[in-house]
Amino acid sequence: MVEGLLLVAASLSALCGMGWLALAMKPHWEQLRGPTALSAAARRKLRALGSAALGASLLLCLLADHASMAVLVWMMSVTGAALAVAFTLAYRPSWLRWLIAWSR
Amino acid sequence: MSQTSTPANGLTSPSGVHVALRVSAGLIGSYAFAWGVITLGIALCLVLGLPYEDAKILLYLLCFLVFVAAFCWAFTAQSLARVWLTLAGGGGVMTLVGWLLAQGLN
Amino acid sequence: MFHSFRAAMTWVHTWFGLFFGFVLIVVFFFGSLSVFDREIDRWALPETRFAPQPMPSFDTMLRPIFEKIEPDEEEVAAAHSRVIGELPAKLPLMNWSAYTTHRDPVLELYAEFAVKNNPKDPRDHVHGHVTIDPRNGQSLPLDQLKLGSRFFYPMHISLHLHWLDLGYWIVGLAALMLLVALVSGAVIHRKLLREFFTFRPDKAGQRSRLDLHNLTGVVALPFHVLFPLTGLVIFAGIYFPVSETLLQPNAQQHERREAQTRGLAFAPAGVRAPMASVDAMVTEAKRRWAERGMPGEVGFLTVTHVGDANGYVSIFRAGSDRVTLVGQGVHFKAATGRVLYEEPAPNAIRSVNEFLTGLHLQHFRHWLLRWLYVVGGLSGCVCMATGLCFFVSKRKRRHAAQGVSGARWVEAFAIASVTGTVLATLGILNANRILPTDLPDRGGWEEKAFWGTWLLTLLHAAVRSGPARCALLAPAWREQCWAVAALALSAVLLNWATTGDHLLRTLTRGYWPVAGFDLVLLAVSAIATLSARKLGRAERSAPNTPQDDSGGDLSEAEVAHG
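Residues numbered from 1 in each chain as written. Chains lettered and ligands numbered in written order. Predicted model: local features only at pLDDT ≥ 70, side-chain atom pairs only at ≥ 80, totals over all residues.

## Digging into the overall build of chain B
If you tally the helices and strands in chain B, you get 3 helices and 0 strands. Listing every helix and strand of chain B by position from the N terminus yields α-α-α. Residues classed as buried in chain B amount to 41% of the 106 residues present. A separation of at least 24 residues holds for 77% of the contacts in chain B among residues at least 6 apart in sequence. (Helix = DSSP H or I, 4+ residues; strand = E, 2+ residues; numbered from the N terminus. Buried ≥ 20, exposed ≤ 12 C-beta atoms within 10 Å, placed from the backbone. Contact = placed C-beta atoms within 7 Å.)

Below you can see the structure in the form of C-alpha cells.
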C-alpha cells in the first residue's frame, strides 16, 4: 500500500518535472502564453522546478524499492512522463497551464 | 572506389558493387574484430589473474559496443581497403594472439 | 563513399533502418506481449486461471512426477541423426529442474537425458518436461499451447525459425542494427534536446510523422539502448561461442577447478545412491537466506547427477524483490542433505551481468515497471512504424511518377508488419477460443491460424496498396484497422462465451490476468476503430490529391537538419 502511494507520488512528480522542463522551452511556452516572451528568470525557475521534481521522483522511487529496481523504475517513469507531456502539448496544451499558474 | 549517379537532390549515391563491399566490410569485418577483442581480451584477463568465467562475462558485456563502433566506422572511413585491413585483418591478428596466449596459460 | 560523416550516418540509418525495421517491429511487439506472457497463458488456458502457487513439496509431490518424465519424442527423433550406432531404449537420466516465479500458478518440471554416443558433443542431451498444478499434482495435457510463454515469447527471441538457430541470429543482427540506427539517428537529429517534446500532429504528412518518429526514439532512448544490448549479452554465447571453440581448454579447466573448490562434482561417479529429504534442504536454504537478511521463496531447484553418489541439489532464491532473476544458491549433497557450498555475494562483474540479464528478463514483482516496459516496447514499434511510413511517403510520389513500384512494396510489407502482426496475434487468440478442446494437436492448429492470418494480411496489403502508385494512402491500412477492431472485440466475447469469465466477473473476483487482458483487447478495439475512422475521413477528404503534406516532400536537407 505504502509502496503504491510512493510510486504514484513519484510518477506525478516526474510528470510535473517533465512538464516544467518542457515549458522552459520557447516553442512550448508560446503554446500556452502566445507570443509573450519567456523571461530568463522564468526559464531559470522552470528549469529549477523541473530538475527538483525529477530529483524528488528519484528519491520517492528509492524509498519505494530496492536501489537497483528504483533506478530502473525512475528511468522508465521519466520516459513515460515525457511521452505524456509531449502528447498533452500536441493535443491539449491548455491542460498544462496550471504548471505555470504562478507566473503572470 | 568511384561514385556513380547523382540524383536531383544533389547527394551522390554509391554504386551497387561498392555498397555490397562496404556492407560486407561492416558486417563481416566488425564481427571478426569483435571476435578478436573477445579472444585477446579474455587472454589478457587470464594473464591478470581473473577467473575464466568472469573474463568471459566481462568481454561479452563489452563486445557489442565494440561491434557497433566498428560498424559505424566502416561506413565513415574513406578507404574501403583500410576498413577491411583494420577490421578483418586486425580481428584475425587479435584472435590469433589471444588464442596463442590462452593456450600458453593452460 | 560519402562526402561527410552525417551523410554516411543518414545513409546507414535509412537503409539499415528499412531493412531491419520490419524484423524489429515484430521483435518489439512480441517483446511487449512477453512482459505479460504468463498472464496471456492464463487467458489461453482457462483451466490454469487460479492464483500463483509457491513451489510444492519435493518429497511428497514433485519426486514421483519427476521420476515419470519421459524424453520428448521429437528431440529423441532428432538425436538419432547425431549419434554413431543406436540410441538405447532407455536414455540415462542426468538432471531434474524446476523454476517458478511469483506469477506462476502452474509449475513446469524438466528432466535431461544423456545422449552418449555423439562424437561431436560428449555432453549431448535431450529434454523431457511436464506442467503440473502444484495444488494437487495433476499434469496438464502436453498439447495445450501456452500462447504467452511458449508462442509469443519464442517469437520474440527467435521468430520461431529454428533451422541452424537462424532466428536467433536474425534477431541478434537486428538488435545490433537497432543500436547502429540509434547512434546514426542521434547524429542526424541535430535538435535532439530542443525538439525533445516536439510533436505537431496538425502538420500534414511527413513532418508530423517525422516528429513522432523522433519523439518515440529520443524520449525512450535509455530503453531502446538497454534492451537490444542486454538481449545480445544474454545470448552472447550463441554469437561468440568462445568456450566451445577457441578457448575450450581454458573453459573446461575452469569448470573442473570450480567443481573441485565447491565440492560439486563435474561428472557422476557411476555409483548408485539414495536421495535424502529435499524438503529438509529447502528449509535449511530458507533459513540461511533469512539469516543473511533476505528471506525468500524458492525460485529455482535443480538435482544434478540424479540417483548417483556424486549427486547434488541446488536451491536458488527467487529474486522477486530485486532485478536479478535468482541468487543466493545453496548446494546440498543429494545422498546426505549436507551443505556442500553456499554461494557468496557475487563480485562486481557478475553483479553487473546479473543485473543486466534480470533487467531484460524481468522476473521481479513490480507491476508499474512492467507496464512502463510495455510503454517502452510500443514506443519502439511506433518509432519504427513511423520511420517506415516516412520512407514510403517520401518516395511514393517520385516512384509513382517514375512508374516504379518500390515504395508500394515497402508499404505492403509495412502494413503486414504493423496491422498485420496485430491481426495475426488476434487470429491465434480467436482460434484458441474457437477450436474444440479435444482436438488432437490443438496447439499446432493454433499456430497455423497465426501464420495463416499473417499471410492473408500480406496478400491483402499487396493487393490493396495499388493507390500507392498514384501516391494515395493505401486503403489496406484502414481495412486492416477495421479487422483489428472486430477481432479484438470477438476475442473478448469468445472468452466470455467459452469460459463464462466475462469482465464483470473477473473484475469483481480481482482476477487481473484475464481482466487485464480483456481490457487491453477492448482498448485495442477502440483505438483501431478511431484509427480506421480517421483514415477513412482522410481518404474521403482528398480522393485525388496525394496524402502527403501540402507543403511538398521534406527534402534530404530538411530531414538532415532535423
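And the narrative resumes.
## Remarks on the overall build of chain C
When helices and strands are counted, chain C shows 20 helices and 7 strands. A globule of 562 residues ought to have a C-alpha radius of gyration of about 24 Å, and chain C, at 27 Å, matches this closely. Taken along its principal axes, the extent of the C-alpha atoms in chain C is 80 × 60 × 55 Å. (Rg over C-alpha atoms; globule rule 2.2 N^0.38 Å.)

## Some details on unusual backbone geometry
Residues and elements named next belong to chain C. Phi at Leu 159 is positive, roughly 55 degrees, even though this residue is not glycine. Here Leu 159 is to be found in the loop between helix H5 (148–158) and helix H6 (166–188). Positive phi is not limited to glycine here, since His 305 has a value of about 55 degrees. If you trace the backbone, His 305 turns up in the loop between strand E4 (298–304) and strand E5 (312–318). You can call His 305 buried: it has 21 C-beta atoms within 10 Å.

## What to know about the interface of chain C and chain A
Contacts between the two partners involve 23 residues from chain C and, on the opposite side, 21 residues from chain A. Elements with a minimum of two residues in the side of chain C that touches chain A: helix H7 (206–219), helix H8 (221–234), helix H12 (348–361) and helix H13 (367–402) of chain C. The element contributing the most residues to the side of chain C that touches chain A is H13 of chain C, with 7 residues. Of the residues assigned to the side of chain C that touches chain A, the class counts are 17 nonpolar, 3 polar and 3 charged. (Nonpolar A, V, L, I, M, F, W, Y, C, P; charged D, E, K, R; others polar.)

## Side note on the sheet that holds strand E7 (residues 339–342) of chain C
All names here are of chain C. Read across the open sheet, the 7 strands follow the order E3-E2-E1-E4-E5-E6-E7; overall the sheet is antiparallel. Of all the strands in the sheet, just strand E3 (125–132) and E7 have a single pairing partner and so form its edges. Neighbour-to-neighbour, the strand axes of this sheet turn through a mean angle of 15 degrees, independent of strand direction. Inspection of the sheet shows strand E1 (residues 93–99) paired to E4 by 5 bridges, in the antiparallel sense. Looking at the pairing, Trp 96 lines up with Val 303 of E4. Taken strand by strand, helix H3 (residues 58–67) contacts E1, strand E2 (107–114) and E3, and its axis lies near 40 degrees from that of E2. Against the sheet, helix H11 (residues 278–291) contacts E4, E5, strand E6 (326–333) and E7, and its axis sits at roughly 45 degrees relative to E5. (Pairing = 2+ DSSP bridges. Axes fitted to C-alpha atoms, helices over the stretch in contact; angles between N-to-C directions.)

## Topic: the interface of chain B and chain C
Listed by partner, the interface residues are 33 residues for chain B and 32 residues for chain C. Elements with a minimum of two residues in the side of chain B that touches chain C: helix H1 (16–47), helix H2 (52–76) and helix H3 (80–104) of chain B. In terms of residue count, H2 of chain B provides more of the side of chain B that touches chain C than any other element does, 16 residues in total. For the side of chain B that touches chain C, the residue count by class is 23 nonpolar, 6 polar and 4 charged.

## Things to note about the arrangement of the chains
In this assembly, 2 pairs of chains are in contact, and the pair contributing the most contacts is chains B and C. There is no contact between chain A and chain B; across them, the least C-alpha separation is 18 Å.

## Here's the deal with the nonpolar core
Judged by nonpolar contacts, the single largest core of 181 residues is most densely connected at Ile 25, Val 180 and Val 484 of chain C. Apart from residues no more than four positions distant in its own chain, Val 180 of chain C is found in contact with Val 68, Phe 71 and Cys 72 of chain B together with Val 12 and Phe 16 of chain C. By size, the runner-up hydrophobic cluster in this structure holds 36 residues, among which are Leu 62, Leu 109, Val 126 and Ala 318 of chain C. (Core = buried A, V, L, I, M, F, W, Y, C linked by C-beta atoms within 7 Å.)

## A few points about the environment of Gly 21 of chain C
Residue and element names in this part refer to chain C. Locating Gly 21 in the fold gives a position in helix H1 (residues 5–34). Assessed through the 24 C-beta atoms surrounding it within 10 Å, Gly 21 is described here as buried. Along the primary structure Gly 21 and Met 177 are separated by 156 residues, whereas in three dimensions their C-alpha atoms are 9.2 Å apart.

## Remarks on helix H16 (residues 442–463) of chain C
Residue and element names in this part refer to chain C. The end-to-end C-alpha distance of H16 is 32 Å, a good match for the 32 Å that 22 residues give at a rise of 1.5 Å each. Every buried residue of H16 is accounted for by Gly 443, Glu 446, Phe 450, Thr 453, Trp 454, Thr 457, His 460 and Ala 461. Relative to the axis of H16, the buried residues are bounded by an arc of 125 degrees and lie together on one face. In H16, the exposed positions that point more than 90 degrees away from the buried face belong to Gly 444, Leu 459 and Val 463. Packing partners of the buried residues in H16 comprise helix H14 (406–417), helix H15 (419–434) and helix H17 (475–499). (Expected span 1.5 Å × (residues − 1). Arc of directions from axis to C-beta.)

## Things to note about the packing of H13 of chain C against H14 of chain C
All names here are of chain C. Direction vectors running N to C along H13 and H14 enclose 155 degrees, while the axes themselves pass 8 Å from each other. The orientation of H13 relative to H14 falls into the category roughly antiparallel. For the crossing formed where H13 meets H14, the hand is left-handed. Mapping the contact onto sequence places Leu 388, Cys 389, Phe 391, Val 392, Arg 395, Lys 396 and His 399 in H13 and Gly 406, Ala 407, Val 410, Glu 411 and Ala 414 in H14. For the contact of H13 with H14, the per-class residue count stands at 7 nonpolar, 2 polar and 3 charged. (Parallel < 35°, antiparallel > 145°, perpendicular 65-115°, else oblique. Left-handed = near helix turned anticlockwise from the far one by under 90°.)

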